[in-house]
Structures are given as structure tokens and as C-alpha cells.
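Architecture at a glance
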Amino acid sequence: MGDRQASRARMRARARRVVMFALALLLVCAGWELYKMVGPEAGGKIFGAQLLPKSENRAMPHVWDMVQRFGRPEQRGSSRTVGQAVAEGAWYTFRLASVGLLLGVLVGMGLAILMARFRVVERGLLPWLIVSQTVPLIALAPLVVSWGGRLHIGGFTWQRWMSVSVIAAFLAFFPIAIGALRGLTSPPAAAVELLASYAAPWSATLFKLRLPAAVPYLMPALRLAANAAVIGTIVAEISTGLKGGIGRLVLEYMREATGDPAKVFTAVVGASVLGLVMAGLVGLLDNYVSRNRRREATI
Amino acid sequence: MSDFAVDVAGVSMVFNNGRPNQVRAIDDVSLTVRSGEFVSLIGPSGCGKSTMLRLIANLIEPTSGSITVNGKPAAQARLDGDYGMAFQQAGLFEWRSVARNVELPLELKSWDRAKRRERALEMLRLVKLDEFADHYPWELSGGMQQRVAIARALSFSPGLLLMDEPFGALDEMTREHMQTELIRICAETGCSVVFVTHSIPEAVYLSDRVIVMSPRPGRIAAIVEVDLGKRSEDTREATDFFNKVTEVREALRGFEHTDRVISVDDR
């Protein structure tokens, strides 16, 4: 009885979320078209500053033009449609971002566990982690590529896509490290003493207590990291000049922006969808991992 | 082998020794708990009774003196799993089902899965919660959670139970019910218990002996022997019971009084 009611409530909540998402999307499109109607063709100044964007078709193509552009060939005479090109690019970028995210999670967790184990490491390392995030990606990209290029271990040679994943990992590890550190140190003293009373070694407190207790902290961190991995991958694709991904498409289509303005927006939409898919996957993981945990009542 | 479950000899505990914020929490305390005996430590906040319990549990090392549990040094007793512990907060792991919470110490002692489950169910029957084995802690009331914590502490048959105000966060009705349950469980398992509380009736109702401690530094002010025979709900209204409650209360007042006299003299 209660179960059926609960599952019906969950279904309703899910349906409502889908409807809300569609509404929000519609609202964005409507806002775009509305501005095109009322906004100045050549842009405009507010208090002398160029603030209002141009609403002419070259700067802001119609929503339906963009949608149509997906279905038409990429170049005149090419067999591939823009939609296919964007989907392939997004899939490629998704794989690079996933490798980056995985790497970021491993490094972030490793650092967090070290910091949770040894206070000295935390004090020494934490400031450097924060500094690491202030390094501009654009400056980092050529460095990683050139370091990677010098790497030859046995039959292994560094591939350019690896540099991109490493750069994505460089952005993704940070929220994981910070979130995991907070989570790993979250158990109350009484819980730690309980395990001490069983003469449990540190590894047991890690696996039986600290890691499970860190889950509620890790999930939001993972959402941030997934986002960072996607953005990092796209920016790194552009700045290392790697072909095949959505970042490259943005760059290529941008060159044609004057003649074919709708085209570049298809790549931008592709990148956004990629970000949403990544966030959705993390959401699914969150649902699975937290299935037996108490939830705050959601009304 | 000694027949003492716990033997504390001349123990002192100084926190932050040698530093400006040095605190003498326990001063030269000696006490013994016989096998199968129920002993309560009572005293006002800050008298070092929780510290005493954590010393027996070897969660902290004494500054001086020696502590023997089951005839061996406290550190060895901890490694051997000679005692189980329960705190004021039940401290169940919310990501584990009730049964898996009870299994936790057995997991750490590498019992195999089937044996763990069997023992957990047996322990949950003992605390009358076997129906709730597959529920999660947040689905249980405070009193039920505390019973799970007791089942967890007893799961590996430790023979000695160390309890730090385990019923302190419960309402009066639940509390009396839990006291009755604890006495039954101790009778069934033959456990010795060291029980920290600040409730005088609770200490008298449960204990064979009540150790009254005085604060700053923690010392034993008095030891009250309680011989009320087999406990029942009638015990709570018996004249002997009230007499013992009064005796403990006066022991607690005794040092409060001298405390005041000393501070007046100091001035």
C-alpha cells in the first residue's frame, strides 16, 4: 500500500521533471526569438557600452534554421549531415571526457585518502591543490602535449588524445579531492572510537566507515567533476588542435560563421547535450548508490 | 587467571601533560569489577567517569598506573575483542541494514558470511528486534536503535560490556524499559558490565555496586554496595531501593559540601 503510493509519487515526480525540462527549453527558444523581434539589428549601446548583442540573422540565426541545419549535409556535396557530424564528434568527446573523469576520480580520491590519513600531507598539499586550479588551461595544453610527446615506455607512445584527457582530469580531480576529503573526515569521533574498540586497522576504518560516510559528499563533487571534465576536454581539444571531437567542430564551423551562421550553433547545442548526458549519468549513479539511504523529504 | 573482569590499579590520567592547558582528569583511582558483576560509575559532569571507561577500553593510555582486563593488559584485551562498547549515541551506520550493523564487528574479525548472519539474527532475537533485521537504522526509534547497538556490542560474545550513558538520550519510559531489558540480557549472557550514568535511580536499579566519583580531579568518593536481589518492576518502588538511592545521593552531596567549605577557606 505505502510502497505503491510511494512509487506512484516517484513516477509523478519524474514526469513533472521531464515536463519542466521541456518547458525550460521552450522558454529559452521563445526568449531567443523574442529578442530577435525586439532587439536592435546592429546591436546597441547602454550608457555608452556595447551591451546589446546584434539580432540580425548572421549573429542570431532563427531557432528553426538551426534545427534544420542538423538535417542538411555538412559541406556541399558531402554525404554526412551536420547532425551526424555533431553526434560523432560528441561521442568522441564523451569518450575523452570519460577517461579524463575516471582519471580525475582516481587521482582526487587518492589525494583525499592521503590527506585524510596524514594531517601533515593535508597541510602541505591542500594549498597547492588550490593553486593548481588557477593555472590557465590554455597555457597548460601545449606543455602537456610536449611532455607527453617525450614519453616512450617500451612499445607505448603517447597519443595526442591522451593529453586532452589528462587536461580534463586536471580540472576534474579538484572537486573530487575536496569533496572526498570532507566526506572521509565526516564520521563523528564516536564512530572512529567504535572501530578502535574492535582493534580495526586504518584500512578497515577506511572501507567500513570513511568511504561509505563520504558518499553523500562525493556525489555532488562528482557532478561538478563531470561538468569540469566535459569543459576541459572541449577547451583542450581546441587548444591542442585535436581532430575528431566537438571542440574541433566548434572551431571549424566558426570559420564558416559568416556564410553559414546556423552551423556553429549546432556544434554548441551538441556540446550542451553532451554536458547534460554526462550530468544525467552521474544522477543515475547517485540514485543507485544512495538507494538505501535516508532522503530528505522531497515534496 | 584472576576472576576480575577489570582491575584498575592506581591509575591517573593527565591530559596535555606538561603544557599550560594541562588537566588532571583522573587521580590515583583503583577499582575492580568481578566476573559477572554490574558496576556503575556515577558523578557530576567532568568527574572523569567517561575517561575512566575509555581507559578501560584502551582507547586512551593512562599517564600512570595499570589496567588489567580479563587478566591481561588492556591493550591486549582490546586486540583480543574481550569487551564490547556502547555509547550515548547508538552510532549505527546508516548505510547498513540493522542486521549488517550487528555483523560489523564480526566482519572485522573475518567471520564467514553465513555464520555472521546467523549470529546477528540470534543477537537481534536477544534484544527482540529480529523482525527488523532488514530495516535501516533511520526507520527505527531511538530506543530500538540503542538496542541494536547493544546487540552489536554483544555480537562477538565479549564477556564484558562497557557502556557510556547508553540510555542518556532516551525518554523516561523507554529508559526504564531498556534497563529491564539490559538486566535480562546480562542474566542470559553472564556479562560483566561497567556502566557510566548520571542517573542515581538508574545506577541503583542496575548495579551490584555503585562507584561514586568526585570531580577535578576525578577520584572515587564512595562505593555503595547494592543488594536488592532479583530486580523486577516492584523493585523500583521498594523501600530498600529508595534507601540506596538516598545513600548514593548523600555520597554525591558529601563532596559537593566539602568542596564549598574548601573554597570558602581558600578565600
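Please read all numbers here as calculations on a predicted model, not as lab measurements. (Residues numbered from 1 in each chain as written. Chains lettered and ligands numbered in written order. Predicted model: local features only at pLDDT ≥ 70, side-chain atom pairs only at ≥ 80, totals over all residues.)

Turning our attention to the pairing of strand S9 (residues 209-214) of chain B. Residues and elements named next belong to chain B. Of all the six residues making up S9, five are buried; the element is thus mostly covered by neighbouring parts of the structure. Here strand S3 (residues 38-42) runs beside S9; their pairing, made up of four bridges, is parallel. Among the inter-strand pairings, leucine 41 is bridged to a residue of S9, identified as isoleucine 211. Here S9 runs beside strand S10 (residues 219-225); their pairing, made up of six bridges, is antiparallel. Looking at the pairing, valine 212 lines up with alanine 222 of S10. (Buried ≥ 20, exposed ≤ 12 C-beta atoms within 10 Å, placed from the backbone. Helix = DSSP H or I, 4+ residues; strand = E, 2+ residues; numbered from the N terminus. Pairing = 2+ DSSP bridges.)

Here we take up the interface of chain A and chain B. Accessible area lost upon the coming together of the parts serves often as the stated size of an interface. In this assembly, 15 residues from chain A lie in contact with 17 residues from chain B. Of all the elements in the fold, those that place two or more residues in the side of chain A that touches chain B are helix H7 (189-197) and helix H8 (202-240) of chain A. Per element, the largest residue contribution to the side of chain A that touches chain B is six residues, and it comes from H7 of chain A. (Contact = placed C-beta atoms within 7 Å.)

Moving on: the confidence of the model for chain B. Residues and elements named next belong to chain B. On average, chain B scores 86 in pLDDT, and the residues at 70 or more come to 94%. Every residue in residues 260-267 scores below 50 in pLDDT, and together they form zero contacts with partners more than four places removed in sequence or on other chains. With a pTM of 0.81, the predicted complex shows an ipTM of 0.84. (pLDDT = per-residue confidence, 0-100.)

This paragraph deals with the sheet that holds strand S4 (residues 64-69) of chain B. Residues and elements named next belong to chain B. What the four strands build is an open sheet, ordered S2-S1-S4-S5; its pairing is antiparallel. The strands lining the two open edges of the sheet, one partner per strand, are strand S2 (23-34) and strand S5 (72-73). Running over the sheet, helix H1 (residues 49-56) touches strand S1 (4-15), S2 and S4 and is turned about 120° from S1. (Axes fitted to C-alpha atoms, helices over the stretch in contact; angles between N-to-C directions.)

Residues and elements named next belong to chain A. Packing of helix H3 (residues 82-117) against helix H10 (residues 261-289) leaves a shortest axis separation of 9 Å and a crossing angle of 40°. Judged by the inter-axis angle, H3 sits oblique to H10. Every pair of crossing elements has a handedness; the one defined by H3 and H10 is right-handed. On the side of H3, the interface is formed by Val82, Val86, Gly89, Ala90, Thr93, Phe94 and Ala97, while H10 contributes Lys263, Thr266, Ala267, Gly270, Val273, Leu274 and Met278. Tallied by class, the residues present in the contact of H3 with H10 amount to nine nonpolar, four polar and one charged. (Parallel < 35°, antiparallel > 145°, perpendicular 65-115°, else oblique. Left-handed = near helix turned anticlockwise from the far one by under 90°. Nonpolar A, V, L, I, M, F, W, Y, C, P; charged D, E, K, R; others polar.)

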